[in-house]
Structures are given as structure tokens and as C-alpha cells.
Amino acid sequence: PLGIFITEKHFITVCLEESAVLAPFRGNTYNTFRTYKKTRFLFQLMNRTATLFLQALGKINKRTDVIEARLRETAENKEFFQLLELSKSLTYFTSALKANGVVMERLLRLRNNVQPRPLLKMYEEDEDLLEDVIIENKQAIEMVQMYSQNSNSMMDTFASIISNNLSQVMKLLTSVTILLAVPTAVFSLWGINTGVPWEGQMIGFWDVLGIAFVSTVVALFILWRRHYL
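Since we're looking at a predicted model, the values are computed, not measured.

Cut-offs applied
Residues numbered from 1 in each chain as written. Predicted model: local features only at pLDDT ≥ 70, side-chain atom pairs only at ≥ 80, totals over all residues. Heavy atoms only, no water. Helix = DSSP H or I, 4+ residues; strand = E, 2+ residues; numbered from the N terminus. Rg over C-alpha atoms; globule rule 2.2 N^0.38 Å. Buried < 20%, exposed > 50% of the residue type's maximum accessible area, 1.4 Å probe, protein only. Contact = heavy atoms within 4.5 Å. Lys, Arg positive; Asp, Glu negative; His and termini not counted. Charge placed at Lys NZ, Arg CZ, Asp CG, Glu CD. Axes fitted to C-alpha atoms, helices over the stretch in contact; angles between N-to-C directions. Parallel < 35°, antiparallel > 145°, perpendicular 65-115°, else oblique. Left-handed = near helix turned anticlockwise from the far one by under 90°. Nonpolar A, V, L, I, M, F, W, Y, C, P; charged D, E, K, R; others polar. Phe/Tyr/Trp six-rings, centres within 6.5 Å; stacked < 30°, edge-to-face > 60°.

Turning our eyes to something else, we now look at the overall build of the protein chain. If you tally the helices and strands in the protein chain, you get 5 helices and 2 strands. Ordered by position from N to C terminus, the α and β elements of the protein chain give β-β-α-α-α-α-α. Against the 2.2 N^0.38 benchmark of 17 Å for 229 residues, the protein chain shows a C-alpha radius of gyration of 35 Å, more extended than a compact globule. Its C-alpha atoms give the protein chain principal-axis dimensions of roughly 120 × 30 × 25 Å. By residue count, 31% of the 229 residues in the protein chain fall in the buried class. Once local pairs closer than 6 in sequence are excluded, the contacts in the protein chain between residues at least 24 apart make up 64%. Charge centroids of the protein chain, computed over 24 positive and 22 negative side chains, lie 6 Å from each other.

Okay, structure coming up:
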């Protein structure tokens, strides 16, 4: 947060940390910057803020594309946590941009107020600059909302894909279990301690093995027809 206090003779900015908003002004690299033009200086600060928001949104969009490419190859929890952090950042961006928009709209209404000694003297070029800043701020809000919707949609889509992949794996494992259970059941029947067909005959082993094989092939065909494999 950057606090701004304007008096008749002073323009005071307060920030807990080094602010990128003030960097070009402190370095005297911002064009048409004059400290005694307090109104224009205020609007230039707001313009700088909106520009930084747009630059940050561009970085977030590129970061989202990188995460999306990784999720297409392998879906891991790390990528989802990164998407969650970006989504949280977009939420904070929305709150900040809307708050700045309210301040800008109030400043724009000051031109209609008639005061004996207005604190902010607004000239025509200042009004044009403020209107440009408002438009840029609204553009940033629209971009944040669009990126936020895309991020949420992406998380939901990949969550559905992961759930579907898990279902496919579970279906495959279940089918394999069924295929293994068929010959096991056949061999178990001929392994009981009672009289069984072909008992004591050498050909009985091959007959039981053939029954198990045919039963497994039939089960495999049924599973294949039902698209379980």
C-alpha cells in the first residue's frame, strides 16, 4: 500500500517498503514529471500503478501458460499449488484495482465541485490524463477477471482429467484382477481334497490347464466387448 498526503505546500508519500511505483520519479526518468504540479503528479502515480498492474498480469499469464504446459505432460500437486497461488494473487489484484478505481472516480468528480480554494487544481490536460488512467485501470480489472476465470476453469478441467485418468486406471486394474481370478477359481476347484474328474490321469493336468485358458480368454473377450480393456 502507498499512502499519499497532499497539503497546500507538500506532497507526501508513505510506504513501508521500497516501491516500484516511485522508482522512475525518484530516478527522474519519468517524462513531464514536476513536483510542484501536485495534481498531475498524483495522476502520474496512479498511471504508473496501473501500468505496473498490467505488467504483472502479463507475467502471471505467461506463468500460467508454463504451468498449463507442464500439467499436459504430468499432473502433479506442485503445479496445482502454483495455480492456486496465482489465483490468490489475481483475487488481491481485483480488490486493489477496484479500490483504486473508486478513488479515481471520486477524483474525477472533483472537477464538478466549486470550492473557493480547491486543494487539487485540475486543468484540462490533467482531466485527460485522469480519464486515461481510469480507462487503463478498467482494462486491468477486465484482464484480472478474465485471467481469474481462465485459471479457475483450468484447475477444474485438469482436476476432471486427473479424476478420469484415475478411473481408467482403476477400471484396468479391476479387469486384470478379474482375469487373474478366473484361472485361480478353476485351479482351486481341482485342488480340493475330494474326487475330481481326471484324477490320477496325466492328461488331466492339460485338460484343467486348457479349461483355465479358455475361461480366461472368454472373460477377456467379454471385458473387451464392454470396453473395460
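Okay, back to it.
With that settled, the discussion passes to the environment of arginine 106. Within the secondary structure layout, arginine 106 lies in helix H3 (residues 77–109). The spacing of arginine 106 and alanine 20 is 86 residues in sequence and 25 Å in space, taken between C-alpha atoms.

At a closest axis distance of 9 Å, the pairing of H3 and helix H4 (residues 124–189) adopts a crossing angle of 160 degrees. Viewed along their axes, H3 and H4 adopt a mutual orientation that is roughly antiparallel. Here the hand of the crossing between H3 and H4 comes out left-handed. The residue inventory of the contact of H3 with H4, partitioned by class, reads 21 nonpolar, 9 polar and 4 charged.

Turning our eyes to something else, we now look at the packing of aromatic side chains. Pairs of aromatic rings are described using the distance from one ring centre to the other and the angle between the two planes. Here the structure, examined in full by the defined rule, presents 4 aromatic pairs. Taken together, a centroid distance of 5.1 Å and an interplanar angle of 85 degrees make the contact between phenylalanine 53 and phenylalanine 93 edge-to-face. Remark: phenylalanine 93 occurs in helix H3 and phenylalanine 53 occurs in helix H2 (residues 38–73); sequence separation between them is 40 residues. A relative accessible area of 14% means that phenylalanine 53 is categorised as buried. On the numbers, 6.1 Å between centres and 40 degrees between planes, the contact of phenylalanine 221 with tryptophan 224 is tilted. With phenylalanine 221 and tryptophan 224 both in helix H5 (residues 202–225), this residue pair falls 3 residues apart, about one helical turn. A relative accessible area of 45% means that phenylalanine 221 is categorised as partly exposed. According to the relative accessible area criterion, tryptophan 224 is exposed, its value standing at 52%.

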